[in-house]
Amino acid sequence: MPDQKQHRVLLAVRDKKACSALRGYFRLRGNVAEVGSGTDPEAAARASRPCAILLELRSGDGTLEKMRREFPDVPVVGIVPPLAEARFEAARWGVTTTLGLPLDEAEMIACLDAAFQALGCSCHPATSAPESTNSSLFDLPGLFHSHSSQHMIAIRDLIDKVATTSAAVLIRGESGVGKEIAARMVFRLSERRDRPFVKVNCAAIPNDLLESELFGFEAGAFTGAHRSKPGKFELANGGTLFLDEIAEMHPGLQAKLLHVLQDGEFARLGSKRDTSVDVRVICATNRNLETRVSEGLFREDLLYRINVVTVTIPPLRERREEIPGLIQYFLDKYSASYRRSVTPFDSAAREALIQHPWPGNIRELENLCKRYVIVGDATSMMRELQTKSDSPVLERRVRGRRKSSDSVTVLKMPTPIRPGLSLLEIGRQAARQAELQAIENMLVATRWNRREAARRLQVSYKALLNKMKQMQVQSERQH
């Protein structure tokens, strides 16, 4: 990013959520530096001489009056509580730019963009980064928003701190909680934001192809390699490589990854020379890596290498207070996208949505809202949701996840025995029931990774698929 003037801003705001959002905005711009935070804003302003002051206005405390008298030429943006007195006081002292609490992030961005443009600061790195779209950092759906819980605010602050370093980051959490969004946020707030962001899903690529995908190959390295091809590490040179589902990487390939992380060098398949790269690696997993280490499926030294800073995103059921805000966000988003007007969910439907366990987390909630905007039938959707909530398989999955990411609570589901069955037939029926339950439990324990489930059940992958078909075991997405 080209050199540009750093604009010093005094942040004198006590509201923690507002502070976190404002600091995220400063990081995103890249040319705004926070100065002089503390309990004495006047002393901080004297020491740092900021070009602007963001001041939380509290009626009757006299801080605004002192600041305006001592620094009459420094623009002030007032952060005001929902009280008329604070706005009156702001107007009295010539503060015409105010933001209400709780902050609306879209309003905040528009307001501060205009304020900094007036100061001669028009650059906004988020819109110029190669990987970004027209959406801003705060349009990352479902992770951070104006209704975020205190836990999520703490996570955003952690991301804000680690983003400016080159440390490896491990993002943990169930499927659908927003791990990739968190990884992209680390990237967008980092000094590498104008360089490539390259994603590799380790679970989606067969192990025998993943090595060539990561490290590339030379012509003639194997049958069909007619020309040389760079790998993802080379494509991400100078930027960030996001390794999603890192737990699924084969232990043999983990050793080569460890070497790259330690030395910054690797060799393409079929090459006799090493290639040097400067890549920041962010990993994500929905598995318990410590359990994988104890099972011999993940290298302990690699875990230490990628786990410098851990960001653990809680499931949606552990932050239910965010659900109403997320529902409104997704309804507004898809109403605009599909040009549909929708009737808001009534209170009973909203309560049902809040109490639903959401095994698919934010992704599941987003899909439900999208479907509601398209179909518009809340009654059938609530009925479907109730059916899913009553599902024994879903109940085992949710309880198992609460206990540990690699374990599951086994619930007995006895099948009624029909009258007239012989002892042999009763035994066969019980065996089928036990086999079905064992398969479902293992699929839940492996996050529906069927290859891993087959390995643990000590059957071939094809045999497991046949059993699932015979027993009508549906994929996780259909539950």
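Structure: see above.
The rules behind these values
Residue positions within a chain follow its written sequence, with the count starting from 1. Two thresholds apply to this predicted model, a pLDDT of at least 70 for residue-level local features and 80 or more for giving and counting side-chain atom pairs, whereas whole-chain, interface and lining totals are computed over all residues. Only hydrogens and water are set aside when side-chain values are computed; all heavy atoms of the structure are taken into account. In this analysis, strands are considered paired if DSSP registers two or more bridges between them. A helix here means a DSSP run of H or I that spans at least four residues, while a strand means a run of E at least two residues long, and both kinds are numbered starting from the N terminus. Lines fitted to the C-alpha atoms define the axes, with helices restricted to the stretch that makes contact. Angles between their N-to-C directions range from 0 to 180 degrees. Like charges are joined within 9 Å and nonpolar side chains (Val, Leu, Ile, Met, Phe, Trp, Tyr) within 5 Å, but only among residues with over 30% relative accessible area and no salt bridge; these make up the patches. The protein chains shown are the only cover counted for residues, whose accessible areas, like all others here, come from Shrake-Rupley with a 1.4 Å probe. Salt bridges are identified by distance alone: a Lys or Arg side-chain nitrogen within 4 Å of an Asp or Glu carboxyl oxygen. The contact definition used throughout considers only heavy atoms, calling two residues in contact when any of these lie within 4.5 Å. Here the term buried applies to any residue with accessible area under 20% of the maximum for its type, exposed to any over 50%, and partly exposed to those in between, with areas from a 1.4 Å probe on protein chains only.

Asks: Give me the lowdown on the sheet that holds strand E11 (residues 280-285), citing residues and values where you can.
Replies: Spatial strand order, E7-E8-E11-E6-E12: five strands in an open sheet with parallel pairing. Of all strands in the sheet, those with a lone pairing partner are strand E7 (197-201) and strand E12 (309-312), marking the two edges. The mean angle between the axes of side-by-side strands here comes to 20°, regardless of whether they run parallel or antiparallel. As defined by bridge partners, E7 adjoins strand E8 (residues 240-244) across five bridges and the pair is classed as parallel. Residue pairing across strands places phenylalanine 197 opposite threonine 240, the latter belonging to E8.

Asks: Tell me what's going on with a nonpolar patch on the surface, and back it up with residues and numbers.
Replies: There is a patch of nonpolar side chains on the surface, built from Tyr338, Ile374 and Val375 and spanning about 270 Å² of accessible area. Looking at the element boundaries, tyrosine 338 is found in helix H13 (residues 323-338).

Asks: An account of the sheet that holds strand E4 (residues 76-80) is needed here, citing residue identities and associated values.
Replies: Spatial ordering of the open sheet is given by E2-E1-E3-E4-E5, a layout of five strands whose pairing is parallel. One side of each edge strand has no neighbouring strand; the edge strands of this open sheet are strand E2 (32-35) and strand E5 (97-100). In this sheet, neighbouring strand axes are inclined to one another by 25° on average, regardless of whether the strands run parallel or antiparallel. Two elements, strand E3 (residues 52-56) and E4, share four bridges in a ladder whose sense is parallel. Its bridge partner lying in E4, leucine 54 is registered against valine 77. The sheet strands contacting helix H2 (residues 41-48) are strand E1 (7-12) and E2, and the helix crosses E1 at an angle near 170°. With respect to the sheet, helix H3 (residues 63-70) is in contact with E1, E3 and E4, its orientation differing from that of E3 by roughly 165°.

Asks: Lay out the pattern of salt bridges in plain terms, naming residues and giving numbers.
Replies: Using the criterion set out here, one finds 23 salt bridges in the structure. Across the salt bridge formed by glutamate 180 and lysine 199, the nearest N and O atoms sit 2.8 Å from each other. Placement of the pair is glutamate 180 in helix H7 (residues 179-188) and lysine 199 in strand E7, with a sequence separation of 19 residues. Glutamate 180 sits in the partly exposed class, given a relative accessible area of 25%. Exposure remark for lysine 199: the relative accessible area of 35% places this residue in the partly exposed category.

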